[in-house]
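Given next are the chains, with one letter for each unit.
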Amino acid sequence: MSNGPVVPAAEARLACRPGPELSVRLTDGFWLRRQLCNREVTIPHGMRMLEETGTLENFRIAAGDSDAEYRMPLFRDSDLYKVLEAIAWDRSHGPLESHEQFLRSSTALIARAQEHDGYLNTYVRVVRQGERFADPAMGHELYCAGHLFQAAIADARTADGDPALLPVARRFASYLARTLPTEQPSFVPGHPEVETALVELYRTLGDRQLLELAAELVERRGHQRLSWRSFKPEYFQDDVAVADARTVRGHAVRALYLLAGVADLYTEAGDERLRAALFAQWDDMVSSKTYLTGGLGSRHADEAFGEPFELPPDRAYCETCASIASIMWNWRMLLLTGEGRFADLMERTLYNGFLSGVGLDGTSFFYVNPLQTRSPRTREPWYECACCPPNTMRLLASLEHYLATATDAGVQVHHYASSQIRWTPEGAEPFALTIETAYPFEGEITLRIDRAPAREVELALRVPAWAPSASLELNGRARALEPSRDGYLRLRRNWTAADEVVLRLPVQPHAVSAREEVDAVRGCVAFERGPLVYCVEGLDVPSGLAGLAVDPSVPPIDEPGVTVAGETVTAIRLPAVASPRASRPGGRPATTWPYARLPTGASPAGPAATDPARRTDVRALPYFAWANRGPSEMRVWLPDIGCTTSRSDS
């Protein structure tokens, strides 16, 4: 069995598969550095924070080992499960004794906290005195259960020997399969997550009751049973039956975890109504509810999707967990279709909306990832609601499993990183290759064949949507190939060891604008370079961001070799105009009315566009790297000088 997070049992509805015959290992470069930081710094930090914030103590209380006071919030169990999942995936890179000892001791503690019939939840046992399933909307019982199951699956797929956590998960899952259909026939979990976990546990254990329970929980949703205070059924995706839903709505993380589970359920069971709902909601999300960074969720009040095109940069919520859930859903859609558009969104989200959530130091985090801040922002070492930090750990620890897939024809490379890929179909000779690249800062990807079978093998390489053109060489000679309709260049041949393919993608900085319906950024432009979205920090603009406008008619210039918190990145220089902050004597901001009448016949740009004294250029950094040099204001969307005016101009 593959040791990856997603291993479908049924293949009839898959366009490509992640295993079990495929293995990928990162060897160098951008993502290996992030993965090593996760292994050496972030996971140990998480282990310490679980102790300092009381998560482990809650389990000791539930196990009868402590009489301390229980620490809220009520879903804190899941933080431990996600760290354990990260440790399990990371052990495939070589186990660390400190990690293994933590996993062993934590698993023993979890087992002691489990009740005799298999039920497990520290909040219910300690605070609710055993009152189960009393709060469907906000109790998070099955949310925590789902993360336990996923940790156990990771342990089972990477353990050298018997996985200790799997029996705990099996007992709890069996309890749910016995009791929910009969004793809790109307219970709907307010926070989806258990659905995808149940399907993957079915794939691991072969117990069809778990698949049936996942299907039943999806079928129960949509009868408007869930509400809490001001949160209506829509917030919980309980307003419309899942199979009938055509728009993404409500709490973003809940919605996306649910959709990942629905994709898993469709893969195994094949309900075409679910497939239609998946594609309709994906189209709705991508066409009108996704930020440039791949971030999702525009409303702070309920961490939710807003109306179509409601995408304000300064009020963007874009929870890190929503980006992770989006990546998980898009991976499943990619497996179903083999279409590059799902890998494109994964890539955009990975490099921007997700990666901004963890600092380059590995010990500081963002829960919320806006595209503009007017006041200086700093990252936090942890959160009272700590769902995001350990979520980043488990994704980074398992990242190589999301880079490539296989079909009967050959190998598909979806994401580019220095790595080794080995494909060994059952009963056939292996096909192995090495990838070397400085992606995402450079667009050249070299693929060398290390071993090839004596038959034709297809090698498919994704051409990202951001690349207007791509060139390809085979053994030093140009090959004229056009991407297929699904976005891939395909080479099919009898390979020999030492064959070399070079794919070149045009990684050049360019300006982008938003459709006019995205009125929050009308008159503004943003900048991208390859898969990276860029931003400007106040630290690089002494006069402040409020008076800054850029000139998108002049191409940005690369500035390679810029160091941010130990990471070397390629920045870009943007032609701009900067207006000084108006201030009173002593440096205090001037008190002035912030609106001004535009004189008849005045140029919309005013004198700022042509005043040489205001002309400058500013540095823009990759969005993922912001807030790593100290507190700073920040903007992704910058006013276009052709669409701006200022108080002083008039």
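Residues numbered from 1 in each chain as written. Predicted model: local features only at pLDDT ≥ 70, side-chain atom pairs only at ≥ 80, totals over all residues. Heavy atoms only, no water.

(A) The arrangement of the nonpolar core in detail. Ranked by size, the top nonpolar core spans 207 residues in total, and within it Trp31, Phe149, Leu176, Trp329 and Val636 carry the most contacts. Setting aside chain neighbours within four positions, we find Leu176 in contact with Phe133, Leu142, Ala145, Phe149, Pro181 and Leu213. (Core = buried A, V, L, I, M, F, W, Y, C linked by side-chain atoms within 4.5 Å. Buried < 20%, exposed > 50% of the residue type's maximum accessible area, 1.4 Å probe, protein only. Contact = heavy atoms within 4.5 Å.)

(B) View of the pairing of strand S14 (residues 524–529). Counting buried positions over the 6 residues of S14 gives 6, a clear majority of the element. In S14, alternate side chains face the same way, and those of Cys524, Ala526 and Glu528 on one face and Val525, Phe527 and Arg529 on the other are all buried. Looking at chain direction, strand S13 (residues 509–512) and S14 are connected through 4 bridges and run antiparallel. What sits directly across from Ala511, in S14, is Phe527. As paired strands, S14 and strand S21 (residues 638–639) are joined by 2 bridges and run antiparallel to one another. Bridge pairing in S21 places Val525 opposite Leu638. (Helix = DSSP H or I, 4+ residues; strand = E, 2+ residues; numbered from the N terminus. Pairing = 2+ DSSP bridges.)

(C) Structural detail: helix H14 (residues 388–397). Counting buried positions along H14 gives 10 out of 10 residues, so the element sits mostly inside the fold. Taken together, the buried positions of H14 are occupied by Cys388, Pro389, Pro390, Asn391, Thr392, Met393, Arg394, Leu395, Leu396 and Ala397. Those residues of H14 that are buried are in contact with helix H1 (29–52), helix H3 (77–90), helix H6 (141–158), helix H10 (252–269), helix H12 (320–337) and helix H13 (340–354).

(D) Molecular detail of the sheet that holds strand S4 (residues 410–413). Reading across the sheet, the 4 strands line up as S3-S4-S8-S11 and stay open at both edges, with mixed pairing between neighbours. The outermost strands of the open sheet, each flanked by one partner alone, are strand S3 (404–406) and strand S11 (488–494). On average, adjacent strands in this sheet sit at an angle of 15° to one another, irrespective of strand direction. Summarising the sheet, S4 and strand S8 (residues 456–462) pair through 4 bridges and their orientation is parallel. If you follow Val413 over to S8, its bridge partner there is Leu461. (Axes fitted to C-alpha atoms, helices over the stretch in contact; angles between N-to-C directions.)

(E) Structural context of the environment of Ser632. Tracing the sequence through the fold places Ser632 in strand S20 (residues 632–635). A relative accessible area of 2% means that Ser632 is categorised as buried. A C-alpha to C-alpha distance of 6.2 Å links Ser632 and Glu537, two positions 95 residues apart in sequence. Setting aside anything within four residues of it in sequence, one finds Ser632 in contact with Thr373, Ser375, Pro376, Arg377, Glu537, Gly538, Leu539 and Trp626. At 3.4 Å, the side chain of Ser632 and the backbone nitrogen of Leu539 are in polar contact. (Polar contact = N/O pair within 3.5 Å; in protein donor to acceptor, adjacent residues only side chain to side chain.)

(F) Spatial organisation of the packing of aromatic side chains. Going through the model one piece at a time under the given rule, you end up with 27 aromatic pairs. When the centroid spacing of 5.4 Å and the interplanar angle of 80° are considered together, the rings of Phe30 and Phe624 count as edge-to-face. Taken as a pair, Phe30 in helix H1 and Phe624 in the loop between strand S19 (615–622) and S20 lie far apart in primary sequence, 594 residues in all. Accessibility expressed as a relative area gives 4% for Phe30, which makes it buried. (Phe/Tyr/Trp six-rings, centres within 6.5 Å; stacked < 30°, edge-to-face > 60°.)

(G) Representation of the sheet that holds strand S5 (residues 419–423) within the structure. The 7 strands lie next to each other as S1-S5-S6-S7-S12-S9-S10, forming an open sheet whose pairing is antiparallel. Every other strand in the sheet has two partners, leaving strand S1 (22–26) and strand S10 (477–479) as the edge strands with one partner each. Strand-to-strand twist across the sheet, computed as the mean angle between neighbouring axes with direction ignored, equals 20°. Here strand S7 (residues 444–451) runs beside strand S12 (residues 500–504); their pairing, made up of 5 bridges, is antiparallel. Note that in S12 the partner of Ile445 across the bridge is Leu503.

(H) Representation of the environment of Ala578. In this structure, Ala578 sits in strand S18 (residues 567–578). Sequence separation between Ala578 and Arg614 is 36 residues, and the spatial gap between their C-alpha atoms is 5.4 Å. Discounting residues that sit within four places of it in the chain, Ala578 has contacts with Ser543, Gly547, Leu548, Arg614 and Thr616.

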